Amino acid sequence: GGPGVVRQLAAAAGAHQRSRYRRLRALAFAGLVDQPEPDTFELTEQGELLRSGLVGSLRALVLLLAGPETWRAWGELEHSVRTGEVAWQRVFDETCFDHLARDPDRQSAFNAAMAEGTRAFVPTLLAATDLATARSVVDVGGGSGALLAGILSAYPRMTGVLLDTAPGLADAPRTLGQAS
């Protein structure tokens, strides 16, 4: 919500103050925060994308990609590049989607990340595509329905069909209900 002093930011996060300071300095180097005063930091325009509830937010995606499972799979990137095998399958002996289906919290994080990215993409799609003559649209693998909701909001006479796995569709009733 504005500039924050390291001491207060560390206390709010339950973090070690010097460690929090080092992390904030790293975020400043990455352009996500500015340091207007020695112990004060604030989000940059790019850093604002880490906040929730904003169009174009990347927060859910960052949380998903920073999860321990994802880091373990990335550790097998070289093997995947050399063999063509899927790293996730090698590490966990199951597909990513099977893994997500067994972990409701990670499934929810995945769904939120996909919806977040889709909502940010909808304006670009609508600007590049004229769907005025289409009567219906089918979104295969559409998860929460964020894309379908965006299209149907722009073309209210159109009907839509949303297809995905049951866990992928978990948030669809809410998303499509809010769009109607």
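(A) Structural detail: the overall build of the chain. The helix and strand inventory of the chain stands at 10 helices and 5 strands. Counting only C-alpha atoms and orienting by the principal axes, one finds that the chain spans roughly 60 × 40 × 30 Å. Counting all 180 residues of the chain, 28% fall into the buried class. A separation of at least 24 residues holds for 40% of the contacts in the chain among residues at least 6 apart in sequence. Accessible surface, the chain as shown: approximately 11700 Å² in total, 57% of it carbon and sulfur. When the 17 positive and 20 negative side-chain charges of the chain are each reduced to one mean point, those points stand 5 Å apart.

(B) Examining the sheet that holds strand β3 (residues 40–43) more closely. With respect to topology, 3 strands assemble into an open sheet ordered β1-β3-β2, the strand pairing being antiparallel. Because the sheet does not close on itself, it has two edges, and the strands there are β1 (4–5) and β2 (33–37). Bridge count for β1 against β3 is 2 bridges, and the pairing is antiparallel. Pairing of Val5 across the sheet is with Thr40, part of β3. Sheet strands touched by helix α2 (residues 17–29): β2 and β3. Its angle to β2, the strand with the most contacts, is close to 115°.

(C) Expanded view of unusual backbone geometry. Backbone geometry places Asp93, a non-glycine residue, at a positive phi of 55°. If you trace the backbone, Asp93 turns up in the loop between α6 (87–92) and α7 (96–102).

(D) Region of the structure containing the side chain of Thr44. Note on placement: Thr44 falls in the loop between β3 and α3 (59–65). Classification of Thr44 by relative accessible area gives buried; the value is 10%. Here the side chain of Thr44 touches Gln46 through a polar contact of 3.3 Å, side chain to side chain. The contact partners of Thr44, leaving out residues within four places of it in the chain, are Gly31, Leu32, Val33 and Asp34.

(E) Spatial organisation of helix α8 (residues 104–128). Taking 1.5 Å of rise per residue, 25 residues should cover 36 Å, and α8 covers 35 Å from first to last C-alpha, within 8% of that figure. Taking the largest bend as the criterion, α8 deviates by roughly 35°, centred on Phe121, and proline Pro123 comes between one and four positions later. Buried within α8 are the following residues: Arg106, Gln107, Ala109, Phe110, Asn111, Ala113, Ala115, Glu116 and Val122. Residues of α8 that are buried make contact with α3, α4 (68–74), α7 and α9 (146–154).

(F) Looking closely at the pattern of salt bridges. For the structure on display, the rule yields 6 salt bridges. Among the ionic pairs, Glu69 bridges to Arg106, the shortest N-O distance being 3.3 Å. With Glu69 in helix α4 and Arg106 in helix α8, this residue pair connects regions lying 37 residues apart in the sequence. Considered together, Glu69 and Arg106 belong to a single accessibility category, that of buried residues. Among the ionic pairs, Arg174 bridges to Asp171, the shortest N-O distance being 3.8 Å.

Basis of the calculations
- Along each chain, residues carry numbers from 1 onward, in the same order as the chain's sequence is written.
- Selection of residues for local features in this predicted model requires a pLDDT of at least 70, selection of side-chain atom pairs for listing and counting requires 80 or more, and totals for whole chains, interfaces and linings are taken over all residues.
- Side-chain measures here rest on the full set of heavy atoms in the structure, leaving out hydrogens and waters.
- Under the DSSP-based scheme used, a helix requires at least four consecutive residues in state H or I and a strand at least two consecutive residues in state E, with every element numbered from the N terminus.
- Accessible area is worked out with a 1.4 Å probe on protein chains only. A residue is then buried under 20% of its type maximum, exposed over 50%, and partly exposed in between.
- Contact between two residues is taken to exist if any of their heavy atoms lie within 4.5 Å; hydrogens are not considered.
- Residue-level accessible areas treat just the shown protein chains as cover; the underlying method is Shrake-Rupley with a 1.4 Å probe.
- In this charge count, Lys and Arg are treated as positive and Asp and Glu as negative; neither His nor the chain ends contribute.
- By convention, charge coordinates are those of NZ in Lys, CZ in Arg, CG in Asp, or CD in Glu.
- For two strands to count as paired, DSSP must find a minimum of two bridges between them.
- Only the contacting stretch of a helix is used when fitting its axis, a line to C-alpha atoms as for every element, and angles between N-to-C directions run 0 to 180 degrees.
- Polar contacts, as used here, are pairs of N or O atoms within 3.5 Å; protein pairs need one atom able to donate a hydrogen and one able to accept it. Residues neighboring in sequence count only if both atoms are side-chain atoms.
- Given a helix with a known number of residues, its expected span is that number minus one, times 1.5 Å.
- The quantity called bend is, for any residue, the angle between two axes fitted respectively to the seven residues ending at it and the seven beginning at it.
- When a carboxyl oxygen of Asp or Glu is within 4 Å of a side-chain nitrogen of Lys or Arg, the pair counts as a salt bridge.

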